[in-house]
Amino acid sequence: CQSRDEIEAIKASDARLFEGTKKADVAGLPPIFTLEKMEKITIALTGGMGCGKSQAAAAFAEFGVCVLDADKLAREALECDPRARAVVGEIAGEEAFKDGRVDRKLVAQKVFADARKLARLESVVHPIVAEMWRKRTENARIAVVEIPLLFEKKLEKEFDLCVSVYCGERVRAR
């Protein structure tokens, strides 16, 4: 996340993008787009594999928006959060830890082969990830959280706006 000074510098340097735009140009848009009236907006960014979620997230970051990746937060939780580490031990045993680090490949083999184990791991890790993104975005005026399984995990109500990135198979194959 960037400081207010950094955000202002980005706005100033990119002001040319908005030259000639008047407030009247956005007068007909729904209230969600009148950001000056909003204290904070949290955006979920989702989409299929290879559709460009990370590129879209990078574009938001270029404008000084606080951007978080739920998958990276989940990996961090597995490494650092005692609650997540405890459930990993419960599900995959002590062999899931190599040199104090979680062997994610071994854990994946165990949980993706057993729906109950996967549900147990997700029941602990997903709330931890939500805590992490809430805490890390609490001081951001605009925040984007990249969440691949947003709708599948019914998390859309946590956000002010959901953006779904899509592209066709030909573009995805590149």
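This structure is a prediction, so every number in the text was calculated from the model and none was measured. (Residues numbered from 1 in each chain as written. Predicted model: local features only at pLDDT ≥ 70, side-chain atom pairs only at ≥ 80, totals over all residues. Heavy atoms only, no water.)

## Observations concerning the pattern of salt bridges
Next up, step 1: Evaluation of the coordinates by the stated rule reveals 10 salt bridges.
Next up, step 2: Where Arg-83 meets Asp-81, a salt bridge forms, and the shortest distance between an N and an O atom there is 2.8 Å.
Next up, step 3: A relative accessible area of 14% places Asp-81 in the buried class.
Next up, step 4: The shortest N-O distance in the salt bridge between Arg-83 and Glu-131 comes to 3.1 Å. A residue pair is termed long-range when its members are at least 10 positions apart, and Arg-83 in helix H4 (residues 82-92) and Glu-131 in helix H6 (residues 115-137) qualify at 48 residues.
Next up, step 5: Overall, Arg-83 belongs to the partly exposed group, its relative accessible area being 39%.
Next up, step 6: Sharing partners across several salt bridges, the network here consists of Asp-81, Arg-83 and Glu-131. (Salt bridge = Lys/Arg side-chain N within 4 Å of Asp/Glu carboxyl O. Buried < 20%, exposed > 50% of the residue type's maximum accessible area, 1.4 Å probe, protein only. Helix = DSSP H or I, 4+ residues; strand = E, 2+ residues; numbered from the N terminus.)

## Structural notes on the side chain of Asp-81
Next up, step 1: Mapped onto the fold, Asp-81 is located in the loop between helix H3 (70-80) and H4.
Next up, step 2: A distance of 2.8 Å separates a polar side-chain atom of Asp-81 from the backbone nitrogen of Arg-83.
Next up, step 3: Aside from chain neighbours lying at most four places away, what touches Asp-81 is Glu-76 and Ile-128. (Polar contact = N/O pair within 3.5 Å; in protein donor to acceptor, adjacent residues only side chain to side chain. Contact = heavy atoms within 4.5 Å.)

## Observations regarding the side chain of Thr-137
Next up, step 1: Residue position: Thr-137 is located in helix H6.
Next up, step 2: Aside from chain neighbours lying at most four places away, what touches Thr-137 is Lys-40, Cys-66, Leu-68 and Ala-143.

## Describing the sheet that holds strand E1 (residues 41-47)
Next up, step 1: The strand order across the open sheet formed by 4 strands is E2-E5-E1-E6, and the pairing between neighbours is parallel. Only two strands of the sheet have a single partner each, and these edge strands are strand E2 (66-69) and strand E6 (161-165). Between one strand axis and the next, the sheet turns by 20 degrees as a mean value, whatever way the strands run.
Next up, step 2: Taken together, the 5 bridges between E1 and E6 define a ladder with parallel strand orientation. (Pairing = 2+ DSSP bridges. Axes fitted to C-alpha atoms, helices over the stretch in contact; angles between N-to-C directions.)

## Points about the nonpolar core
Next up, step 1: Counting residues in hydrophobic clusters, the biggest one holds 29 residues, and the most contacted among them are Val-88, Val-107, Leu-121 and Trp-133.
Next up, step 2: When residues of this core are traced back to their parent elements, those giving at least two are H3, H4, helix H5 (104-111) and H6.
Next up, step 3: It is H6 that provides the largest number of residues to this core, a total of 8 residues.
Next up, step 4: Setting aside residues up to four positions removed in sequence, Leu-121 forms contacts with Leu-78, Val-87, Val-88, Ile-91, Val-107 and Val-111.
Next up, step 5: Counting 9 residues, the second-largest nonpolar core is a separate cluster that includes Leu-45, Ala-57, Val-165 and Cys-167. (Core = buried A, V, L, I, M, F, W, Y, C linked by side-chain atoms within 4.5 Å.)

## Some points on the confidence of the model for the protein
Next up, step 1: With 75% of its residues at a pLDDT of at least 70, the protein reaches an overall mean of 80.
Next up, step 2: Ignoring residues within four places in sequence, the model shows residues 13-29, a span with pLDDT below 50, making 4 contacts including any to other chains. (pLDDT = per-residue confidence, 0-100.)

## Topic: the packing of H3 against H6
Next up, step 1: It is the contact of H3 with H6, at a shortest axis distance of 9 Å, that shows an interaxial angle of 115 degrees. As far as their axial angle goes, H6 and H3 are roughly perpendicular. In the crossing of H3 with H6, the sense of the turn from one axis to the other is right-handed. On H6, the residues touching Ala-70, Leu-73, Ala-74, Glu-76, Ala-77 and Leu-78 of H3 are Leu-121, Val-125, Ile-128, Val-129, Met-132, Trp-133 and Arg-136.
Next up, step 2: Classifying every residue of the contact of H3 with H6 gives 11 nonpolar, no polar and 2 charged. (Parallel < 35°, antiparallel > 145°, perpendicular 65-115°, else oblique. Left-handed = near helix turned anticlockwise from the far one by under 90°. Nonpolar A, V, L, I, M, F, W, Y, C, P; charged D, E, K, R; others polar.)

## Things to note about H3
Next up, step 1: Every buried residue belonging to H3 is among Ala-70, Leu-73, Ala-77 and Leu-78, and all of these are buried. Angularly, the buried residues of H3 cover 140 degrees about the axis, an arc narrow enough to put them on a single face. Turned more than 90 degrees away from the buried face of H3, the exposed residues are Lys-72 and Cys-80. (Arc of directions from axis to C-beta.)

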